[in-house]
Amino acid sequence: MPPPPPEALIRAFGPPAPGRGGLQDPPSGRPGGRRTAAGPWWKADARTDPWRDPAAPAGLGAPAVYDEDAQPGPVVVDAQGRRKLRLRDLSVRLMTLAVLGLLLVSAVGGGVGWYLTRTAEETPLLAPGTTLSQVEPGITREPGSVSGIAEQVIPAVVSIEVRVGQAGATGSGVVIDGENGYIVTNNHVVSGADDVEGAEIRAVFSDGSGSAARIVGRDPASDLAVIKVEKPGLVTASLGRSDDVVVGDPVVAIGSPLGLAGTVTSGIVSSLDRPVRLSGEGTDTNAVISAVQTDAPINPGNSGGALVDASGSLIGINTAIASTGAGGSIGLGFAIPIDTMKRIAEQLISTGSAVHATLGVNARSVTDGTRDGALVLNVEPGSAAAEAGIREEDIIIAIDDTEVGSSEELAVAVDAREPGDEVTVELVRGGSSQKVQATLTQA
């Protein structure tokens, strides 16, 4: 027989007995078999709280409250009593049917597309008797349009490739005598290959054919040169006249900038008779030209190429660009005028060299704040200037009727004359101006 339970368990869980208290009874005990609210340990609501009064009667409480979104089931009712259908509420069977339906539609669409492509060649585009609308004939390029000019001039412009040892350079040229194969270009394009053993010069034409070329003559004082190819029947450029060119005329530049043959750009003549000093590393060019200024984009490789007017006539040989240091076009390009080119090219073809007039002074540009001029730094002995009595420190301000505002303008004014020409030189000496007569000599 097991031993009796401990006294504490009997008191806590056993039936009440006279003189014995139970669980949660006051220390002194209370009479009666059921707790009431009269005792000091209980409050008025003890009868409805079985956790505080184990003897309280059972009763129904408020309905349970649940989070509807967390409950399973296909139907959810919102606050307005409307039923909501969510994707997760759909059964697996219904979702499977939906996926199968999409696959079926895709298969049918793909099959129809495949069938149409297989039978497209057999199906006429239009019903019998239907005709397409007719378009106008191709547009005829007007003679003055850029495209018309390009079509006319490009065959007369060549790319020039120069190779000296492992080094190479490219430039442009213009055919001026197609029957004899004469091509004009810039001196600085070909000067590096002159009298150099193993050097090669090659002219590449617009049709992609090429031919070896040789130097006929060079003129560092004008930056012009003539080369010759043994390929008769070349397309020859039409030559214009400098007197016909005015500021604002449309022009087209054609050449091989950056080695890109047959490149066409367009612009206008932005200035005339612009004195520009030309020189270049690796070349003996040392020239001052009275240039045609243009805003047609010109880049390295355009040198020696064509500048033509709206009729397609050659009015200049592209030679130089103004640059801010980046080396590309900034909208200021310079071309040797056509009259200068014709005069120099004829001499180079005839004799291999060109003749220039000289005054025999070295000068630099100066200004006194009111008038610009060319300050004479030194006078060559026996020169035209020495014979005319021009001295160092004189400031030359005019040659004949041509004003001189810089050393470049002085060089251009003298170069426009011929050796043996007598000119009137106006100069400032000791604060007063005077005129002297000088007979130009050959440079």
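In what follows, the accompanying structure is described. Bear in mind the structure is a predicted one, so any value in this text is a computation, not a measurement. (Residues numbered from 1 in each chain as written. Predicted model: local features only at pLDDT ≥ 70, side-chain atom pairs only at ≥ 80, totals over all residues. Heavy atoms only, no water.)

### Here we look at the overall build of the chain
What the chain contains, in helices and strands, is seven helices and 22 strands. The contacts in the chain between residues at least 6 apart in sequence include a share of 55% that link residues at least 24 apart. (Helix = DSSP H or I, 4+ residues; strand = E, 2+ residues; numbered from the N terminus. Contact = heavy atoms within 4.5 Å.)

### Here's the deal with the packing of aromatic side chains
Applying the stated criterion across every chain, the model contains zero aromatic pairs. One Lys or Arg, K228, reaches over the ring of Y182 and ends 5.6 Å from the middle of that ring. (Phe/Tyr/Trp six-rings, centres within 6.5 Å; stacked < 30°, edge-to-face > 60°. Lys NZ or Arg CZ within 6 Å of the ring centre and 35° of its normal.)

### Points about the pattern of salt bridges
Counted according to the given criterion, the structure contains eight salt bridges. The partner of E408 in a salt bridge is R277, and the shortest N-O contact between them spans 3.4 Å. With E408 in helix α7 (residues 407–415) and R277 in strand β10 (residues 263–279), this residue pair connects regions lying 131 residues apart in the sequence. For R277, a relative accessible area of 44% translates into the label partly exposed. (Salt bridge = Lys/Arg side-chain N within 4 Å of Asp/Glu carboxyl O. Buried < 20%, exposed > 50% of the residue type's maximum accessible area, 1.4 Å probe, protein only.)

### Points about a negative patch on the surface
A cluster of like negative charges, contributed by D368, D372, E403 and E409, occupies part of the molecular surface. Locating D368 in the fold gives a position in the loop between β16 (361–367) and β17 (372–379). (Patch = residues over 30% accessible without salt bridge, like charges linked within 9 Å, V, L, I, M, F, W, Y side chains within 5 Å. Areas by Shrake-Rupley, 256 points an atom, 1.4 Å probe, with all protein chains shown as cover. Lys, Arg positive; Asp, Glu negative; His and termini not counted. Charge placed at Lys NZ, Arg CZ, Asp CG, Glu CD.)

### Observations regarding the nonpolar core
Counting residues in hydrophobic clusters, the biggest one holds 31 residues, and the most contacted among them are L314 and M341. The element that contributes the greatest number of residues to this core is helix α5 (residues 338–351), accounting for five residues. Not counting the four nearest positions on each side in its chain, L314 is found in contact with V174, S238, L239, G240, A306, L307, V308, I338 and M341. Grouped together as the second largest cluster of nonpolar side chains are 22 residues, V361, I396, I399 and L410 included. (Core = buried A, V, L, I, M, F, W, Y, C linked by side-chain atoms within 4.5 Å.)

### Some details on the sheet that holds strand β13 (residues 314–321)
If you walk around this closed barrel you meet the six strands as β9-β10-β11-β14-β13-β12, and the pairing is antiparallel. On average, adjacent strands in this sheet sit at an angle of 50 degrees to one another, irrespective of strand direction. Pairing of strand β12 (residues 306–308) with β13 involves three bridges; the strand directions are antiparallel. By the bridge assignment, V308 is partnered in β13 with L314. Packed on one face of the sheet, α5 meets β13 and β14 (333–337) and runs near 50 degrees to β14. (Pairing = 2+ DSSP bridges. Axes fitted to C-alpha atoms, helices over the stretch in contact; angles between N-to-C directions.)

### A short note on helix α3 (residues 146–153)
Taken together, the buried positions of α3 are G148, I149, A150 and V153. On its buried face, α3 is in contact with β3 (157–164), β9 (250–255), β10 and β12.

### Observations regarding the side chain of S313
Relative to the assigned elements, S313 resides in the loop between β12 and β13. Note on S313: relative accessible area 16%, which makes it buried. Within the structure, the side chain of S313 is placed 3.1 Å from the side chain of S311, a separation counted as a polar contact. (Polar contact = N/O pair within 3.5 Å; in protein donor to acceptor, adjacent residues only side chain to side chain.)

### Considerations on α5
Between its terminal C-alpha atoms α5 stretches 20 Å, which fits the 20 Å expected from 14 residues at 1.5 Å a residue. The secondary structure elements touched by the buried residues of α5 are β4 (167–177), β5 (182–185), β7 (210–219), β8 (224–229), β13 and β14. Two residues or fewer past α5, G352 is found with a positive phi of approximately 85 degrees. (Expected span 1.5 Å × (residues − 1).)

### A short note on the sheet that holds β5
In spatial order, the strands read β3-β4-β5-β8-β7-β6; together these six strands close into a barrel with antiparallel pairing. Strand-to-strand twist of the sheet, defined as the mean angle between neighbouring strand axes without regard to direction, takes the value 40 degrees. Note that β3 and β4 share eight bridges and pair antiparallel. The residue of β4 that forms the bridge with V162 is A169.

### Examining a nonpolar patch on the surface
On the surface, L94, L97, V99, L100 and L103 cluster together into a nonpolar patch covering about 490 Å² of accessible area. Counting through the fold element by element, L97 comes out in helix α2 (residues 92–119). Take L97: its relative accessible area is 55%, and that puts it in the exposed class.

Read these as layout, nothing more, since geometry by itself doesn't imply function.
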